[in-house]
Amino acid sequence: MTVHLSLLCLLSLAPLSVIAEKITHDYCIVGAGPAGLQLGFFLNRDGHDYVIFEKSDVAGSFFAKYPRHRQLISINKRFTGRYNKEFNLRHDWNSLMSDDDDLLFGKYSEEYFPDADDYLKYLADYQRKLGINVKFNTEVSNISQSQQKGCKFEMQDQHENNYCCKRVLVIANGISDPIVSHGVGHDLIEGYESMSVNPKEFDGQSVLIFGRGNSALETAKSLYGHAAYLNLAARSRLRFSWDTHYVGDIRGINNEVLDSYHLKSLDGILEGMSIEEVDIVRRTDGKLDLIPNKKSHISLEDMDHNPVRHGYDRILRCIGFQWDKSLFNANTTPALSKTSSGKYPLMGTDYQSLQFPGMYFAGALAHSLDWRKSAGGFIHGFRYTTRALYRMLGWSVHQQPWPIVYLPVEHLMNTFLKRANEASGIYQMFGQLGDFAIYNREMQSFAYLEEFPVSRWNKIFESSGYKFENGKHLLFTMTMEYGANFSKPGNDNFGDTRVQSSLRSAELSNFLHPVFRVFRSVPSKDADITKNTIFNTKPIGLQHLLEDFTTEFSAVRTHIAPLRKFFEFFTELDLRPHLPENCLNLMLTTHVYDAYSSNVRLPVECRNLVETEESIALYS
Ligand SMILES: *[C@@H]1O[C@H](CO)[C@@H](O)[C@H](O)[C@H]1NC(C)=O
Ligand SMILES: *[C@@H]1O[C@H](CO)[C@@H](O)[C@H](O)[C@H]1NC(C)=O
C-alpha cells in the first residue's frame, strides 16, 4: 500500500518537473530581422519578459545573402531640408524606431540606395546598443500549442532546449526562402539563391531570366552589358511602382534593361510564359530549349518565328521568395491566406492567427493584410505595423491602453494638420493606419489616437482600451490615400490629367493626400480586408484635402478653410481662431444667453473669456 502511494506521488509530480526544465518567457519572437528587433525594442524599453530566437549568428541574416547584387532598393534620403525627425522618417525607409538618434541609417550609409552590408552593420548595432535580447544560433522548431497550464506555446531548439511561451508568440521570420520550381529539366536552371553574380561569366551568352519582379530586374541590370541576348519571361505583365504606388513592384533603379528592350537592343520581355509551364531540354549544340508542357496555354511548335527558337546558354530563376513554415508542429501549422497571393499566413486584423489564439505575425508576414495595397511588406511600412501590434498587445495583455492624448476641441484642426504634414506612420502605411480623434460632443474635447489600424475600427475597445459610445461620441479619422483609380499597371500616370489643382475637385486628387471621415457609431461588422473599403462602413462625412505638389497641406484657402468647414459642420461649433479683441467684439454682438444654453454657438476660442467674472459682468 505504501509503495503504491509513493508511486502515485511520483506520477503526479512528473509534469511539474517537466515545467521546471522549460525555459519560460511571456513573449517569444521568432526571427531577429528588422521586425523582430523593432518589436524587441518596444518590449525591452517597457521592461517585458521576452526573447527573440534567431537561427543564424547575426541579426537580419537575410541581408547577409540578399539581395544578391547587394544594392538595397529602400531609399536612404539623408537630406530633406527639414530637421523634424518624424517628417524625415517619411524619406528614410531603412531605419528602425528607437530613442537613439545615432541609430538612424543615414549615419551608416551615404548612398541613396545603400549596400546590404551596411544594413547588416546597422542591425547589429541596433541590437547591441539597445540591448535587445536575441538568442543567436537558436533554431526553434516543432512550435505547438501547449497543453500545459500557464504555457500557450512550446517549442524546442537544435540543442534540445524546451521553451514555453506564456502569453504571446510572434512569428517574424519573414518571406525569405527562395521559391524553387520542379518541372522537367529544371535542374538545368540556376536559381537566384545560388547563381553567379559575376557578370563576366555571362559575357557573350544568351540568357533567359524567369521572373518580372525586382530580383529578376536587378539580375538583368547586372547582366545586360555582358550577355548577348538577355530575355525576361513571366506569366503576367510588368508592374511599375510608379504606376501602382506599390514599392514591391519594379522600381526605377532596376529598369534599365526595359529601355534597351524598347530601343531594340537585343534584350526582350516575354509574357504569358511562367516557369511552371515549360520543360527544359539541352540540345545537341548545348543550348537550353523551352518546351511548353501540359500546364501551358501557348504552343510554340507551329510558330516558325517562335521567340525562344534560338535556345539559351543559361536560364536563371528569379521568381521571388516564400515563407518558411517548417518550424511548426503539424497540428499548429498556420494556414495561408487566400487573398494575399497565397504566400502570407492567414490572420485577423489584429495580426493574430485566426486558428491559434496568442500567435501573432509581424514584419513581412503581416503584409498579409495589406498585400499590394500599402507598404507593410517593407521595413518602412512594417516598423509601424509592428508598433501597432505592440500597442494592441499592450491593451489586450497588460490592460495598458493605446497612448491617447486628450485635448479641447479648439486643437482639433491643428492636431490633424500637424500630423498631415509630418507623420510618417500614416504616410507609409497609407490607407491602413490612420489617426483617430474621438470627439466627445458634450465635453467639446477629443481623444487622439495616432496610427490606429483602420480595419480595427469596429474593435476599437478591444484594440485600444478606448470605449466609443454611440450617440455621445463622433469619430474623425485621417488617412493618407492615393486616388481611387490612380494605382494600376498600365495607367498613364504621367498624363496631363494626373493632378487636380482645383478646390472643387479635391475628391479626385490622385497623389497621396489626407482624407478625413466622420463616423457616428461603431460598425458591427468585421472589416473585409479583401476590399479596399476597409473602414467596413460608410462614413457620415468625407473630406479630401486637395493633393499638393510639395506635399504640404497648409495652404489657408485650399487646405485649412475646407477642413475647418468640415469640422464646424460636424461639431456644430465655430472653430475660427479669435484674438481676445475679436472675442470681445463677437460677444458684444452675439446673443449672450446662448452661451449658457446647450447650443453654444460662440467661438470656441472665446469660451474661457466668457466664463471669467469680468466678461459676465460686462453682459449683466
Ligand atoms: C513536438 O512537440 C510535441 C508537443 O509539444 C511533443 O509531444 C513532441 O514530442 C515534439 N516532437 C519532437 C520531435 O520534439
Ligand atoms: C474611378 O473610376 C470609376 C470607373 O470608371 C468611376 O466611376 C469613379 O468615379 C472613379 N473614381 C475617382 C475617384 O476618380
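Residues numbered from 1 in each chain as written. Chains lettered and ligands numbered in written order. Predicted model: local features only at pLDDT ≥ 70, side-chain atom pairs only at ≥ 80, totals over all residues. Heavy atoms only, no water.

1. So, the nonpolar core
Generally speaking, a soluble globular protein has its nonpolar side chains buried in company with each other. Just so we agree on the cut-off: Here the nonpolar core consists of buried residues drawn from Ala, Val, Leu, Ile, Met, Phe, Trp, Tyr and Cys, with membership extended through side-chain atoms lying within 4.5 Å. Throughout this description, buried means an accessible area under 20% of the type-specific maximum (1.4 Å probe, protein chains only), exposed means over 50%, and partly exposed covers the range between. Under the DSSP-based scheme used, a helix requires at least four consecutive residues in state H or I and a strand at least two consecutive residues in state E, with every element numbered from the N terminus. In what follows, a contact means two residues having at least one pair of non-hydrogen atoms within 4.5 Å.
Judged by nonpolar contacts, the single largest core of 112 residues is most densely connected at Leu169 and Ile171. Among the elements that take part in this core, helix H9 (residues 379–398) stands out by supplying nine residues, more than any other. Not counting residues up to four positions away in its chain, the partners in contact with isoleucine 171 are Val30, Ile143, Trp323, Phe328, Met359, Tyr360, Phe361, Ala362 and Leu365.

2. Looking at the site of ligand 1
Inclusion rule: Proximity is defined per residue: any heavy atom of the residue falling within 4 Å of a molecule or strand makes that residue near it. Pairing of N or O atoms within 3.5 Å defines a polar contact, subject to two protein rules: one partner must be a possible hydrogen donor and the other a possible acceptor, and residues neighboring in sequence count only if both atoms are side-chain atoms. Per-residue and other accessible areas follow the Shrake-Rupley method at a 1.4 Å probe size, with only the shown protein chains counted as cover for residues.
Every residue near ligand 1 is listed here: Asn142, Ser144, Glu154, Gln156 and Asn329. Here an oxygen atom of ligand 1 and a side-chain polar atom of asparagine 142 are 2.4 Å apart. In the model, an oxygen atom of ligand 1 is placed 3.0 Å from a nitrogen or oxygen of the glutamine 156 side chain. Contact with the protein chains removes 37% of the 360 Å² of surface that ligand 1 exposes when unbound.

3. So, the environment of isoleucine 460
In this structure, isoleucine 460 sits in helix H12 (residues 460–464). For isoleucine 460, a relative accessible area of 3% gives the class buried. Separated by 68 residues in sequence, isoleucine 460 and methionine 392 place their C-alpha atoms 9.8 Å apart. Apart from residues no more than four positions distant in its own chain, isoleucine 460 is found in contact with Phe436, Ile438, Phe452, Gly465, Tyr466 and Phe468.

4. Regarding the pattern of salt bridges
Rules: For this analysis, a salt bridge means a side-chain nitrogen from Lys or Arg found within 4 Å of a carboxyl oxygen belonging to Asp or Glu.
Applying the stated criterion across every chain yields a total of 25 salt bridges. As a salt-bridge pair, lysine 166 and aspartate 26 come within 3.7 Å of each other at their nearest N and O atoms. Within this pair, whereas lysine 166 is found in strand E6 (residues 162–171), its partner aspartate 26 is found in strand E1 (residues 23–30), the two being separated by 140 residues in sequence. Here lysine 166 falls in the partly exposed class, since its relative accessible area comes to 37%. Its relative accessible area of 15% is what places aspartate 26 among the buried residues. The partner of arginine 45 in a salt bridge is aspartate 46, with the nearest N and O atoms 3.1 Å apart.

5. Observations regarding the side chain of asparagine 510
Its location among the elements puts asparagine 510 in the loop between strand E20 (473–481) and strand E21 (513–519). When sequence neighbours within four positions are dropped, the list of residues in contact with asparagine 510 reads Tyr482, Gly483, Phe486, Thr497, Arg498 and Glu547.

6. A short note on the confidence of the model for the chain
The condition that has to hold: Each residue carries a pLDDT score, the predictor's confidence in it, ranging from 0 to 100.
When pLDDT is averaged along the chain, the result is 89, and 91% of the positions lie at 70 or above. Between residues 592–598, whose pLDDT stays under 50, and residues either more than four places distant or in other chains, the model counts nine contacts. Every residue in residues 610–620 is under pLDDT 50, and counting partners more than four places away or in other chains gives 14 contacts.

7. What to know about the site of ligand 2
Taken together, Ala484, Asn485 and Leu508 make up the full set of residues near ligand 2. Contact between ligand 2 and asparagine 485: an oxygen atom at 2.3 Å from a side-chain N or O atom of the residue. In the complex, the protein chains occlude 32% of the 360 Å² of accessible area that ligand 2 would expose alone.

8. Re the sheet that holds E21
The condition is simple: One requirement defines pairing of two strands: DSSP has to find at least two bridges between them. Convention adopted: a line fitted to C-alpha atoms gives each axis, helices being fitted over their contacting stretch, and angles between N-to-C directions are expressed from 0 to 180 degrees.
The antiparallel open sheet is built from six strands, whose spatial order is E17-E19-E18-E20-E21-E22. What marks the edges here is a single partner per strand, and that holds for strand E17 (404–408) and strand E22 (541–544). Looking at each pair of strands side by side, their axes are set apart by 20° on average, direction ignored. Running at roughly 125° to strand E19 (residues 445–453), H9 makes contact with strand E18 (433–440) and E19 of the sheet. Its contacts with the sheet place helix H13 (residues 556–571) against E18, E20, E21 and E22, and it is angled at close to 10° to E21.

9. Re the side chain of glutamate 547
Stated formally: In this charge count, Lys and Arg are treated as positive and Asp and Glu as negative; neither His nor the chain ends contribute.
Within the secondary structure, glutamate 547 sits in the loop between E22 and H13. Summary of buried charges: glutamate 547 has no salt-bridge partner, and the nearest side chain of opposite charge, arginine 498, is 7.7 Å away. At a separation of 3.1 Å, a polar atom in the side chain of glutamate 547 contacts the main-chain amide nitrogen of phenylalanine 511. Dropping the residues within four chain positions of it, glutamate 547 is found in contact with Arg498, Val499, Gln500, Leu508, Ser509, Asn510, Phe511, His513 and Phe553.

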